[in-house]
Amino acid sequence: GKTFMNKNFFRQYNKLILGSIILFFTALLFNHWTPYAADDYSYMFNLSDGSRMTSIGQIFSSLAVHYTKYGNGRLVSHFFVMLFLIGSKWIFNLVNAFLFVLLILSIYHLTSHKKACSLLLFFAIPTLLWLYMPAYGQIFLWLDGSINYMWGYLFALLFLSVYITLLRGKSLLNQTWKLILFCVFTFLFGNYSENVSFSVIFTGFLLLCITMYRQKSIRKFFIYIFPIACGALGYLILLLSPSGSAKFSENLSLSLLFKNAIEIFTEYYNACRIPLILFFVLLGIAIYHKLNKTEILIALSFFFISVISSGMLMIASYLPERSLANGIVFLLIGIVQLLQLLRGHVRLECISLCVCIYLLVSSLMSYWEGSYDIYRVHKEQAVRDAAIENSVNSGNMTIGVPIITSTTKYSCKYGLLDLNGKDAKDPFPNVYIAKYYGLDQIYVIYPDLDNE
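In this text the structure is predicted, and so the values were computed from the model without any measurement.

Conventions we followed
- Residues numbered from 1 in each chain as written.
- Predicted model: local features only at pLDDT ≥ 70, side-chain atom pairs only at ≥ 80, totals over all residues.
- Heavy atoms only, no water.
- Helix = DSSP H or I, 4+ residues; strand = E, 2+ residues; numbered from the N terminus.
- Rg over C-alpha atoms; globule rule 2.2 N^0.38 Å.
- Buried < 20%, exposed > 50% of the residue type's maximum accessible area, 1.4 Å probe, protein only.
- Areas by Shrake-Rupley, 256 points an atom, 1.4 Å probe, with all protein chains shown as cover.
- Lys, Arg positive; Asp, Glu negative; His and termini not counted.
- Charge placed at Lys NZ, Arg CZ, Asp CG, Glu CD.
- Expected span 1.5 Å × (residues − 1).
- Salt bridge = Lys/Arg side-chain N within 4 Å of Asp/Glu carboxyl O.
- Axes fitted to C-alpha atoms, helices over the stretch in contact; angles between N-to-C directions.
- Parallel < 35°, antiparallel > 145°, perpendicular 65-115°, else oblique.
- Left-handed = near helix turned anticlockwise from the far one by under 90°.
- Contact = heavy atoms within 4.5 Å.
- Nonpolar A, V, L, I, M, F, W, Y, C, P; charged D, E, K, R; others polar.
- Pairing = 2+ DSSP bridges.
- Right-handed = clockwise from strand over helix to strand, strands pointing away.
- Patch = residues over 30% accessible without salt bridge, like charges linked within 9 Å, V, L, I, M, F, W, Y side chains within 5 Å.
- Core = buried A, V, L, I, M, F, W, Y, C linked by side-chain atoms within 4.5 Å.
- 1 Å grid on protein atoms, 1.4 Å probe; cavity = no way out; pocket = protein on both sides within 12 Å on 5 of 7 lines; lining within 4 Å.
- Points joined across faces, edges and corners; volume = space filled by probe spheres on them.
- Polar contact = N/O pair within 3.5 Å; in protein donor to acceptor, adjacent residues only side chain to side chain.

Q: An account of the overall build of the protein chain is requested, with residue identities and associated values reported.
A: Secondary structure summary: the protein chain contains 20 helices and two strands in total. Against the compact-globule benchmark of 22 Å for 452 residues, the protein chain has a radius of gyration of 23 Å, which places it among compact chains. By its C-alpha atoms, the protein chain is 75 × 55 × 45 Å across when sized along the principal axes. Taking all 452 residues of the protein chain together, the buried fraction comes to 51%. Surface summary for the protein chain: the accessible area is close to 21400 Å², and the carbon and sulfur share equals 67%. Here the protein chain holds 33 positive side-chain charges and 23 negative ones, and the gap between their average locations is 22 Å.

Now the structure itself:
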């Protein structure tokens, strides 16, 4: 019986297993080609005494300083950042590639809802992310960025799966130990990210309210309030950090909020005009053909998270390009949800397949250019490392190096500060990079200045 079950499992999921293996090795290669950058170097050193982090015990004293004086209240994500900077970069590469595959599988599984496997749709998911996510390298490949962003999306889907499954009429928390474990998880997830944690937990709460309304019972589903309360508590700890307030603009007036909102949603629209059009065209088809209301509602809740997490940027004090990614990723998941929904309908399956084919074919050139850019930065970093090693071996502890730039959003160096020049006022990140290599000073040489 067991062998038959195993054979059956492989027959049913062989496409997804094959797709996952291809995806894993591609992600592993990209992670291997991505060097440490910017904040990675600063988090290698204990914020309380400046020593190099070598043990898990040191993380807690460093986090305490991080929470009270610098950075923000994101204790959980920065714990992981510091943890993975202690060990070899290879450990992170393997874990990050694995979690990337897990993210793609989670999106596929959460949206597929009892449909047959489609390898085409499975590959359309990483393609959507590749084409439309801003600052791709910072979000999926850069150590500090991946842990703060990509891992957060995976945890968000884990949280949402409980409330989406409930909306579909099944319970995942039918035993006390599962409920307790999930409450611990939501507490930690609440502390993970300013706008993802809030928008996702709030949407979970709305899905719970809709379920209670549909089933005409509050008592039956009341236990599902506890994980949401735990998530809110974790979020409160993030929000109340003494250093967290630095993330928010001072003197927020109504007119400033309005101005910020216009700017953010203009950027949001410009960044994902094509996904927005695609989402609403697919939504229109689904509504016109009176497809499953619950599944349409799930697609709309992904869109709702997208709008809320983008809107929350109104109160932020500064906006790196990667901050828009939080909104865009849930819009893309909403598109996958609608593509899966059309797959369940004989006459509409063709539309879903055509969209997937369009995405895959239109991305071929950017896959090539992006991969090459990631590889080129890796080669330039290797040349720099060799030059630093020679300099240290010959006793020269001050070194100027050529700047490493990237040409596409797929390298983690895109949009991140590589190094400052010799006379720059700001010590970041030069001081930490020098410390990491055991140098007294490191700086970039700008080619045009030296030729004068």
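The structure having been displayed, the exposition proceeds.
Q: Describe in detail helix α10 (residues 176-190), supporting the description with residues and values.
A: Between its terminal C-alpha atoms α10 stretches 21 Å, which fits the 21 Å expected from 15 residues at 1.5 Å a residue. Buried within α10 are the following residues: Leu-179, Phe-182, Cys-183, Phe-185, Thr-186, Phe-189 and Gly-190.

Q: Could you give an account of the pattern of salt bridges, naming the residues involved and the relevant values?
A: Evaluation of the coordinates by the stated rule reveals six salt bridges. The partner of Arg-376 in a salt bridge is Asp-373, and the shortest N-O contact between them spans 2.8 Å. Taken as a pair, Arg-376 and Asp-373 lie in helix α18 (residues 364-393) at a separation of three residues, close to a single helical turn. Arg-376 gets classed as buried once you look at its relative accessible area, which sits at 19%. Take Asp-373: its relative accessible area is 1%, and that puts it in the buried class. Salt bridges sharing common partners tie together Asp-373, Arg-376 and Glu-380.

Q: Would you mind going over helix α9 (residues 150-167) in detail, with residue names and values included?
A: The end-to-end C-alpha separation of α9 is 25 Å, in line with the 26 Å expected for 18 residues at 1.5 Å each. Counting buried positions over the 18 residues of α9 gives 17, a clear majority of the element. Gly-169 sits one or two residues past α9 and shows a positive phi near 100°.

Q: Please provide a residue-by-residue account of the packing of helix α6 (residues 119-132) against helix α17 (residues 349-362), values included.
A: Between α6 and α17, whose axes approach to 9 Å, the crossing angle comes to 50°. Judged by the angle between their axes, α6 and α17 are oblique. The handedness of the crossing between α6 and α17 comes out as left-handed. Residues Leu-120, Leu-121, Phe-123, Ala-124, Thr-127, Leu-128, Leu-131 and Tyr-132 of α6 touch α17, and the partners they reach there are Ser-352, Leu-353, Cys-356, Ile-357, Leu-359, Leu-360 and Ser-362. Split into classes, the residues belonging to the contact of α6 with α17 amount to twelve nonpolar, three polar and no charged.

Q: Would you mind going over the pairing of strand β1 (residues 398-402) in detail, with residue names and values included?
A: On β1, burial follows the alternation: Ile-399 and Val-401 on one face are buried, whereas Thr-398, Gly-400 and Pro-402 on the facing-out side are not. Here β1 runs beside strand β2 (residues 441-445); their pairing, made up of five bridges, is parallel. Bridged to Val-401 within β2 is Val-444. A crossover links β1 with its parallel partner β2, the connecting element being helix α19 (residues 430-437), and its sense is right-handed.

Q: Quick one: what's the story with the side chain of Thr-165, residue by residue and with numbers?
A: Mapped onto the elements of the fold, Thr-165 is located in helix α9. For Thr-165, the contacting residues outside a window of four places in its chain are Lys-170 and Leu-172.

Q: Which residues make up a nonpolar patch on the surface, and what values go with them?
A: On the surface, a nonpolar cluster with roughly 290 Å² of combined accessible area is contributed by Phe-198, Phe-202, Phe-205 and Leu-206. Within the secondary structure, Phe-202 sits in helix α11 (residues 194-215).

Q: Any details on the nonpolar core? Residues and values, ideally.
A: Within the largest apolar cluster, 125 residues are counted, with the highest numbers of intra-cluster contacts made by Met-133, Phe-140, Tyr-153, Phe-159, Phe-189 and Phe-330. Among the elements that take part in this core, α9 stands out by supplying 14 residues, more than any other.

Q: An account of the layout of surface pockets is requested, with residue identities and associated values reported.
A: A volume near 650 Å³ is recorded for the second largest pocket. Taken together, 22 residues line the second largest pocket, and the ones lying closest to its centre are His-109, Leu-110, Ser-112, His-113 and Arg-168. Looking at which element gives the most residues to the lining of the second largest pocket, the answer is helix α5 (residues 89-112), with six residues. The class makeup of the residues in the lining of the second largest pocket is ten nonpolar, eight polar and four charged.

Q: Describe in detail unusual backbone geometry, supporting the description with residues and values.
A: Positive phi outside glycine occurs at Ala-38, with the angle close to 45°. Topologically, Ala-38 is positioned in the loop between α1 (2-33) and α2 (39-43). A relative accessible area of 5% places Ala-38 in the buried class.

Q: Kindly report on the side chain of Thr-111, identifying the contributing residues and their values.
A: Examined against the element boundaries, Thr-111 turns out to sit in helix α5. The class for Thr-111 is buried, based on a relative accessible area of 1%. Within polar-contact distance, the side chain of Thr-111 engages the backbone oxygen of Tyr-108 at 3.1 Å. For Thr-111, the contacting residues outside a window of four places in its chain are Arg-168, Ile-333, Val-336, Gln-337 and Gln-340.

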